[in-house]
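Inside the fold
Listed below are the residues making up each chain.
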Amino acid sequence: MATGDDAKRYLPLTEATYYIMLSLIEPLHGYAVMQKVEQISQGTVKVGPGTLYGVFDTLEAAGLIVMVKEENRRKSYKLTPKGKKILLSQIKRLEIMTGKGLTVIDRL
Amino acid sequence: MEKTKVRKFRWFWVWQDEAEENWLEKMSQKGYHLSSVSPPGFYTFSVAEPKNYIYRLDYQTFHKKDKREYLQLFHDAGWEHIGDFSAWLYFRKEAKQGETTEIFTDVESKIAKYKRVLTYLGFFYFLMIVIFGGRILTDVPYPWCDAIQVFILLVLLIFTYAIIRLAMRIRQLKKL
C-alpha cells in the first residue's frame, strides 16, 4: 500500500519534527510553533529557528504540511492529510515504545 | 575622542565557524560588538559596554523572498541578524537563562548546515577540475604557466582539505 511505503520513508520522525507536526494540527506560523513545541513537550524540546526553518522546508517539500497563510513575512502552515497519516503512524510506533517501556519501568 | 568603531582583519577557514563564533563572543565580552562583516575577513565592531552575546553562523543559499521569511523567523525567536559574508549569515542574541543558545537544536539540522556548505564547495571543486584539470596535466611551454599551475594546485589542495574537514565534522556529529 502506498501509505505503508510513505510511512517507511519518513519514519521515525526526529523529536523536533514530531512535535512540530503535532503543533500543526492547527495553522500556526514559525514562532508560534516554537512556543507550542516547548509547551506541549513540557520544556523537554526547544526548537531553534535554524532547525525549524529546515523542518518546514523538508515537510513542505514532502507534502506533509502546507502553507495556508502569509502575513508580514510570516508563513502559517498546517498538516496535510498525508502528514496526518504519517504522524499517526509515528504515534503508533511511540505507543509501542512507551508501552513496552512501562512494563519494565518497575524493575528499573 | 574615543573611537566608536574598530575594524579588524581576521581569516577563518570554512571549517572554523565555531572558532569564529567563539572569537566574536570573546570580543563582545571585551566590549567590541560586531556591526558588520565583509569579505575576505573584515570585521567592524562598535565599541560599547561588555556584553554576554552569543554569536551563531548559518549557511544558506536562497531566494530573496525566502530570505525575508527566514530572517523574520530568527527575529521572532530573538536573534539579531548582523550581516552576511557570502552565504554565511551572522546572528547574535544576548545570553539569558532558560533560553536556548542555539539556532540549530538537533544533530540533524547541524549536519544539514555542513552539508549545504559541502554541496557548495563540491560544486566549485568539480568546476575547477573541469576547467583546470587538463591544464595541470599538460606541459605548457611558457615558464609563467608553472606559477599558475602551482596556484591552481594549491587552491585544489585547500578545497580538498576543506571538504575532508567538513566531512569529518559531519561524521563526528553523526556519532553523537
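Please read all numbers here as calculations on a predicted model, not as lab measurements. (Residues numbered from 1 in each chain as written. Chains lettered and ligands numbered in written order. Predicted model: local features only at pLDDT ≥ 70, side-chain atom pairs only at ≥ 80, totals over all residues.)

**With respect to the overall build of chain B**
For chain B, the helix and strand inventory stands at four helices and six strands. Counting helices and strands in the order they occur from the N terminus, chain B gives β-α-β-β-β-α-β-β-α-α. Overall, the C-alpha framework of chain B stretches about 65 × 45 × 35 Å when taken along its three principal axes. Residues counted as buried form 20% of the 176 residues belonging to chain B. Taking the intrachain contacts of chain B between residues at least 6 apart in sequence as the baseline, contacts between residues at least 24 apart amount to 65%. (Helix = DSSP H or I, 4+ residues; strand = E, 2+ residues; numbered from the N terminus. Buried ≥ 20, exposed ≤ 12 C-beta atoms within 10 Å, placed from the backbone. Contact = placed C-beta atoms within 7 Å.)

**Section: the sheet that holds strand β2 (residues 65–71) of chain A**
Read from one edge to the other, the open sheet built from three strands follows the order β1-β3-β2 (chain A), with strand pairing classed as antiparallel. Single-partner strands in this sheet number two, and they are β1 (28–29) and β2 of chain A. (Pairing = 2+ DSSP bridges.)

**Examining the confidence of the model for chain B**
Within chain B, residue pLDDT values average 90, and 93% of them lie at 70 or more. Prediction confidence for the complex, expressed as pTM and ipTM, is 0.89 and 0.89 respectively. (pLDDT = per-residue confidence, 0-100.)

**Describing the interface of chain B and chain A**
Contact with chain B, which involves 19 residues of that partner, is made by 17 residues of chain A. Elements that contribute at least two residues to the side of chain B that touches chain A include exactly α2 (64–76) and α3 (107–137) of chain B. Among the residues forming the side of chain B that touches chain A, the class breakdown is eight nonpolar, four polar and seven charged. (Nonpolar A, V, L, I, M, F, W, Y, C, P; charged D, E, K, R; others polar.)

**Concerning helix α1 (residues 17–29) of chain B**
All names here are of chain B. Compared with an ideal rise of 1.5 Å per residue, which puts 13 residues at 18 Å, α1 spans 19 Å between its outermost C-alpha atoms and is within 8% of the ideal. The set of residues buried in α1 consists of Asp 17, Glu 20, Leu 24, Met 27 and Ser 28. Projected down its long axis, α1 shows its buried positions confined to an angular sector of 100°, all on one face. Structural note: α1 exposes Glu 18, Ala 19, Asn 22, Lys 26 and Gln 29 on the side pointing more than 90 degrees away from its buried face. Next to the buried residues of α1 lie β2 (32–38), β3 (42–47) and β4 (53–59). Trailing α1 by a residue or two, Gly 31 shows a phi angle of about 95°, which is positive. (Expected span 1.5 Å × (residues − 1). Arc of directions from axis to C-beta.)

**With respect to unusual backbone geometry**
Of note, the bond from Leu 11 of chain A into Pro 12 of chain A is cis; its omega dihedral lies within 30 degrees of zero at -5°. Mapped onto the elements of the fold, Pro 12 of chain A is located in the loop between α1 (2–10) and α2 (15–23). Following Pro 39 of chain B, the chain continues to Pro 40 of chain B via a peptide bond in cis, the omega torsion being 0°. By the secondary structure assignment, Pro 40 of chain B is in the loop between β2 and β3. Positive phi, normally seen in glycine, also occurs at Gln 42 of chain A, with a value near 55°. Mapped onto the elements of the fold, Gln 42 of chain A is located in the loop between α3 (30–40) and α4 (49–61). Judged by C-beta crowding, with 7 C-beta atoms within 10 Å, Gln 42 of chain A ranks as exposed. Of note, Arg 73 of chain A is a non-glycine position whose phi angle comes to about 65°, a positive value.

**Regarding the domain arrangement of chain B**
All names here are of chain B. Entries for chain B in the domain assignment read domain 1 (5–94) and domain 2 (107–174). Distance from the C-alpha centre of domain 1 to the C-alpha centre of domain 2: 25 Å. With eight residues of domain 1 in contact, the opposing surface of domain 2 contributes nine residues. Here the residues of the side of domain 1 that touches domain 2 are counted per class, giving five nonpolar, two polar and one charged. (Domains from an automatic or database assignment.)

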